[in-house]
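# Examining the three-dimensional arrangement
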Amino acid sequence: MEWANQLCENRQFGSKMTDSKYFTTTKKGEIFELKAELNSDKKEKKKEAVKKVIASMTVGKDVSALFPDVVNCMQTDNLELKKLVYLYLMNYAKSQPDMAIMAVNTFVKDCEDPNPLIRALAVRTMGCIRVDKITEYLCEPLRKCLKDEDPYVRKTAAVCVAKLHDINAQLVEDQGFLDTLKDLISDSNPMVVANAVAALSEIAESHPNSNLLDLNPQSINKLLTALNECTEWGQIFILDCLANYTPRDDRESQSICERVTPRLSHANSAVVLSAVKVLMKFMEMLPKDLDYYGTLLKKLAPPLVTLLSAEPELQYVALRNINLIVQKRPEILKHEMKVFFVKYNDPIYVKLEKLDIMIRLASQANIAQVLAELKEYATEVDVDFVRKAVRAIGRCAIKVEQSAERCVSTLLDLIQTKVNYVVQEAIVVIKDIFRKYPNKYESVIATLCENLDSLDEPEARAAMIWIVGEYAERIDNADELLESFLEGFHDESTQVQLQLLTAIVKLFLKKPTETQELVQQVLSLATQDSDNPDLRDRGYIYWRLLSTDPVAAKEVVLAEKPLISEETDLIEPTLLEELICHIGTLASVYHKPPSAFVEGSRGVMHKRLPARTGSGEGTECPDVGNAAGGSAPEAAPSIIPSQGDLLGDLLNLDLAPPTTTGPTPSTSGMQMGGMDLLGGGLDSLLGGDIGGSPAMGAGFGAAPTVMPASLNAPVGGGLGDLFDLGGGVGMPMGAYIPPKTVWLPAMKAKGLEISGTFARRAGVIQMELVLTNKAMSVMTDFAIQFNRNSFGLAPAGPLQVLTPLGPNQTIEVSLPLSTVGPVMKMDPLNNLQVAVKNNIDVFYFSCQYPISMLFVEDGKMERQVFLATWKDIPNDNESQFQIQDCHLNSEAASNKLQGSNIFTIAKRTVEGQDMLYMSIKLSNGIWVLAELKVQAGNPNYTISLKCRAPEVSQCVFQCYEAVLKN
């Protein structure tokens, strides 16, 4: 027996050794030798030759010259040889498309082979050969395989449809493969169902308004039945598909939750997270007083806790997802605090994430053990972790009021350790505690002042200066302390300088007789000796306030401060809802919507949780497959993808329809929606309400009580002509370019004057600059950089100033811009902050670009889609403006606007008033719809704008005004 085992081992070892010989070094004439072997009559020799070819291909050698010889080997019954030949074919078909056609007959033949493995292999390879020339030949074999008797062949064919759709979408639709794929959802085999769902989901992602996955209770029931029997990846596809469905009522929601819950105990963490995603979404529809709701909350905790016992990388992914879940529903894990306690051997990224979740779960019930744990962390050796732990103690004090005293006491103990970075972090968080609980813990100020000399980090120094200035009346030697900071004023960071200026002004207002000299000194340093515009401006404001109206100065500088909020780092609610819909994906790890990091994310759908309803009240959700198909897919991207900082958080647009509608108070110069400014007129453009039209989909509005007499009016006259703009609109004029203005005067930039404007030419945004040297020295080495801005404008290349700029010389430079830079909301929205560097210094200025530079050339919306989108955008998003003193007729106005990519979709005349319906598309995918009313003889126009991101309406109105008046 032992001898037999030894022999078996030798055999296995021998087989491993034999494969390595295919990867030996190249010999002279190897291609010629392989060619001879491939054409050999002996089957074994042929197989060995193909293995050598695949080995060469694997290590990167070019063996495409052997294409015809390898293709000849396809005619074989040997499955191993066929697999190798198909592997070669997939790799080289793209570079040899004419030769690849030779293989078509074999594919057709193999698709009818009695062996299902060969049939499946043929259809899989067909999907991987991305050659347009041969796709049409593969339709018939694919059709047969989709209806094959063997489920293995059918499941392979389902995936092949998705691959073929990627190569030639039109062909797949014309051949009816999508309908066949939908039929496979009702297949008896669960793996076929899973692959059909995966293929349809893949296709739907690239065509968001195709409404492929038309989910209904019957199809959902079939998916749930298949869920129990298919493989783990099949389960993930089905669960992700279920997450895109919105149940009709809470009963259906509960039924689905009950059938998905068993997936929570699956061994694969991806299945668990997909199940959590479905449950988190459907829980929104369950009444909170339902017994099942409480049961479901309890069932969600154990699987999430189990994920934390995996390897660190999986732990991190789980923790990032748990972070979102805890923000949405902290009650799920409120009793599981201990699992988030840090272990000594956790990697730093896991430690920091656990710390964040601990603070989110901190409550009066568990604060004692949390504080004990955090105090322990503050003595660790990892500096970043210690800093975060100290900051966490401060966050706990702000979150749980009853624990504030204990937290302050813990922070004082840490200050006594005299560890530099611990002391500095403690002072930063104590400043926030003072803001949250004024006049409560000021007794600790004396201890803080003792550590003044050890502070070397800007944030800690600024915090300490704020404390001294804020409580100057309680600190006997406040003037001496602030004066000690003033000695190295110019060496301090801007943050410290600004804080010091304000603190000394506060001190002066509290003790004017003793500190007059000190305040004059700091105002002089800030205004006369500083190059920083922020510091100078603040200094001048304080100086003017103090010299003209000290009472007003006191009211401004010593005004009562608002209390800081408990949670400043919570994700904004609409973004959180979207991220909950993406649990288990990269979006939930980055904490950013897919549109922020998926390249070419035109087709990325913005998802929302369904609204909570009672039984029988169905709601529609924008992310559902059965949502109205007629709305423009690009109409809903958020302007601001970034969530990395507080400024980025300011504009997370809620693009879902509002839950309540009502009149909005009017603001100066503009009247917000509450009434449809089109007054039903737009419907009549198309000869009646088209609520049930396939172009629109269902649900854009109730059908009219009385249908028009004739929907089939002849196209030659009447309403049909309204959309025939051929005769009514002439050639568009050129795009409007604003006149150049001075952006940076020479006196502020050491002799460099910069003026300029923006233009859009042939689809490219240009920043046209005029640089003038008014100094006595030569300027060279020019470079330019933009700060983050609302639409991601960034230089598409370097600033091309090729020759040195001599004294009194002027040079004109055109800088092409892209819109793929980092994004952050600016105020105003079209503000651009620019830094220009040369051999002398770096200079900063800001300018405003006309938003018309971002109007793209493909902004002409289809008529049906225009009507559907207008109805779909809530009335509250409608804004009305007046354009004064404009003496153009409607045709001239339309031509002029088209030159700036503002496209007229339709025109109609009502009682002598021309009404133009227009569409605009911005570079970030936002659509703006407009109705322009032009009355003959009246120089005042009325414009109504509708947009899913109403923040842009004001800027768009300004563009209309500028284009029409210039």
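The structure under discussion appears in the preceding block.
Let me begin by describing the structure that accompanies this report.

Conventions adopted
Residues numbered from 1 in each chain as written. Predicted model: local features only at pLDDT ≥ 70, side-chain atom pairs only at ≥ 80, totals over all residues. Heavy atoms only, no water. Helix = DSSP H or I, 4+ residues; strand = E, 2+ residues; numbered from the N terminus. Buried < 20%, exposed > 50% of the residue type's maximum accessible area, 1.4 Å probe, protein only. Contact = heavy atoms within 4.5 Å. Expected span 1.5 Å × (residues − 1). Pairing = 2+ DSSP bridges. Axes fitted to C-alpha atoms, helices over the stretch in contact; angles between N-to-C directions. Disulfide = S-S within 2.5 Å. Parallel < 35°, antiparallel > 145°, perpendicular 65-115°, else oblique. Left-handed = near helix turned anticlockwise from the far one by under 90°. Nonpolar A, V, L, I, M, F, W, Y, C, P; charged D, E, K, R; others polar. Salt bridge = Lys/Arg side-chain N within 4 Å of Asp/Glu carboxyl O. Phe/Tyr/Trp six-rings, centres within 6.5 Å; stacked < 30°, edge-to-face > 60°. Lys NZ or Arg CZ within 6 Å of the ring centre and 35° of its normal. Patch = residues over 30% accessible without salt bridge, like charges linked within 9 Å, V, L, I, M, F, W, Y side chains within 5 Å. Areas by Shrake-Rupley, 256 points an atom, 1.4 Å probe, with all protein chains shown as cover. Lys, Arg positive; Asp, Glu negative; His and termini not counted. Charge placed at Lys NZ, Arg CZ, Asp CG, Glu CD. Core = buried A, V, L, I, M, F, W, Y, C linked by side-chain atoms within 4.5 Å.

## Structural notes on the overall build of the protein
Summing up its helical and strand segments, the protein has 39 helices and 14 strands in all. Taking all 966 residues of the protein together, the buried fraction comes to 51%. Nonlocal contacts in the protein, meaning residues at least 24 apart in sequence, comprise 68% of its contacts between residues at least 6 apart.

## A closer look at helix 39 (residues 953-965)
With 13 residues, helix 39 should cover 18 Å at 1.5 Å per step; its first-to-last C-alpha distance of 18 Å lies within 8% of that length. Among all positions in helix 39, only Ser953, Cys955, Val956, Phe957, Cys959, Tyr960, Val963 and Leu964 are buried. The elements touched by buried residues of helix 39 are strand 10 (878-883), helix 38 (890-898), strand 12 (913-921), strand 13 (927-935) and strand 14 (941-947).

## Here we look at the pairing of strand 10
Burial of strand 10 is extensive: five of the six residues sit out of reach of the surface. Pairing geometry for strand 10 and strand 14, over six bridges, is antiparallel. From the neighbouring strand, isoleucine 883 faces strand 14, where its bridge partner is tyrosine 941.

## What to know about the sheet that holds strand 9 (residues 842-848)
Read across the open sheet, the three strands follow the order 5-8-9; overall the sheet is antiparallel. Two strands in the sheet have a free side with no partner beyond their single neighbour: strand 5 (783-786) and strand 9. Taking the axes of each pair of neighbouring strands and ignoring which way they run, one obtains an average angle of 25° across the sheet. Pairing geometry for strand 8 (residues 831-837) and strand 9, over seven bridges, is antiparallel. Looking at the pairing, valine 836 lines up with phenylalanine 843 of strand 9.

## Points about the state of the cysteines
Throughout the structure, instances matching the rule amount to zero disulfides. Cysteine 160 carries a free sulfur, and the closest cysteine sulfur to it, the one in cysteine 128, is 7.8 Å from it.

## Quick notes on the sheet that holds strand 3 (residues 752-761)
Pairing in this open sheet of five strands is antiparallel, and the strands run 2-3-4-7-6 from one edge to the other. With partners counted over all chains shown, the strands left at the sheet margins are strand 2 (741-744) and strand 6 (794-795), one partner each. Sheet topology note: the strand 2/strand 3 ladder contains three bridges and is antiparallel. For threonine 741, the partnering residue across the bridge sits in strand 3 and is glycine 756.

## Concerning helix 14 (residues 190-206)
Between its first and last C-alpha atoms helix 14 spans 25 Å; for 17 residues at 1.5 Å apiece the expected length is 24 Å, and the two agree. Summarising burial for helix 14: twelve of the 17 residues are buried, a large majority. Among the residues of helix 14, Pro190, Met191, Val192, Val193, Ala194, Asn195, Ala196, Val197, Ala198, Ala199, Leu200 and Ile203 are the ones counted as buried.

## Here we look at the packing of helix 17 (residues 250-260) against helix 18 (residues 269-283)
Contact geometry for helix 17 and helix 18: axes closest at 10 Å, N-to-C directions at 160°. In this view, helix 17 runs roughly antiparallel relative to helix 18, as classed from their interaxial angle. When the axes of helix 17 and helix 18 are compared, the crossing they make is left-handed. Within the contact between the two elements, helix 17 uses Ser253, Ile256, Cys257 and Val260 and helix 18 uses Ala275, Val278, Leu279 and Phe282. Grouping the amino acids of the contact of helix 17 with helix 18 by side-chain chemistry returns seven nonpolar, one polar and no charged.

## Digging into the pattern of salt bridges
Throughout the structure, instances matching the rule amount to 31 salt bridges. Residue lysine 144 is joined to glutamate 112 by a salt bridge in which the shortest nitrogen-to-oxygen separation is 2.6 Å. Here lysine 144 is found in helix 10 (residues 139-146), whereas its partner glutamate 112 is found in the loop between helix 7 (104-110) and helix 8 (116-128), with 32 residues between them in sequence. Across the pair arginine 320 and glutamate 353 runs a salt bridge whose closest N-O atoms are separated by 3.3 Å. Linking arginine 320 in helix 20 (residues 312-328) with glutamate 353 in helix 21 (residues 348-361), this pair joins segments that are 33 residues apart in sequence.

## Topic: the packing of helix 29 (residues 494-510) against helix 32 (residues 550-557)
Two elements in contact, helix 29 and helix 32, have axes separated by 10 Å at closest approach and are oriented at 125°. Considering their axes alone, helix 29 and helix 32 lie oblique with respect to each other. Judged by the twist between their axes, the crossing of helix 29 over helix 32 is left-handed. Residues Val505, Lys506 and Leu509 of helix 29 touch helix 32, and the partners they reach there are Pro550, Ala553, Lys554 and Val557. Counted by class, the contact of helix 29 with helix 32 contains five nonpolar, no polar and two charged residues.

## A word on the packing of aromatic side chains
Per the stated rule, a full pass over the model turns up twelve aromatic pairs. Here tyrosine 590 and phenylalanine 597 contribute two aromatic rings whose centre-to-centre distance is 4.8 Å and whose plane-to-plane angle is 90°, an arrangement assigned as edge-to-face. The exposure class assigned to tyrosine 590 is partly exposed, which follows from its relative accessible area of 43%. Its relative accessible area of 30% is what places phenylalanine 597 among the partly exposed residues. A ring pair is formed by phenylalanine 866 and tyrosine 917, whose centres lie 6.4 Å apart and whose planes are at 65°; its orientation type is edge-to-face. Highlighted residues: phenylalanine 866 in helix 37 (residues 863-872) and tyrosine 917 in strand 12, separated in sequence by 51 residues. Each residue in the set Trp743, Phe758, Phe845 and Tyr849 is aromatic and connected to the rest through ring pairs, giving one cluster. Of note, lysine 351 hangs over the ring of phenylalanine 385, and the distance from its end group to the ring centre comes to 5.2 Å.

## Some details on a negative patch on the surface
On the surface, a cluster of negative charge is contributed by Glu480, Glu483, Glu487 and Glu517. Positionally, glutamate 487 belongs in the loop between helix 28 (478-486) and helix 29.

## Observations regarding the nonpolar core
Counting 209 residues, the largest nonpolar core has Tyr88, Leu142, Leu223, Val260 and Phe434 as its most contacted members. With sequence-adjacent residues up to four places away left out, leucine 223 is seen in contact with Ile185, Val193, Val197, Leu215, Ile238, Cys241 and Leu242. The next biggest cluster of nonpolar side chains, apart from the first, holds 64 residues, and it includes Phe782, Leu805, Val834 and Ile902.

## Some points on the environment of isoleucine 851
With respect to the element layout, isoleucine 851 can be found in the loop between strand 9 and helix 37. We classify isoleucine 851 as buried; its relative accessible area is 1%. Once you skip the residues sitting within four places of it in the chain, isoleucine 851 turns out to touch Phe791, Leu922, Cys955, Val956 and Cys959.

## Notes on unusual backbone geometry
In this structure, the amide linkage connecting aspartate 827 to the following residue, proline 828, adopts the cis form with an omega of 0°. A positive phi angle, near 60°, is found at histidine 591, a position not held by glycine. With respect to the helices and strands, histidine 591 occurs in the loop between helix 34 (586-590) and helix 35 (646-649). Residue histidine 591 is classed as buried on the basis of its relative accessible area, which comes to 10%. Despite not being glycine, asparagine 901 has its phi angle at roughly 65°, a positive value. Of note, asparagine 901 is situated in the loop between helix 38 and strand 11 (903-910). Look at asparagine 901 and you get buried, because its relative accessible area is 9%.

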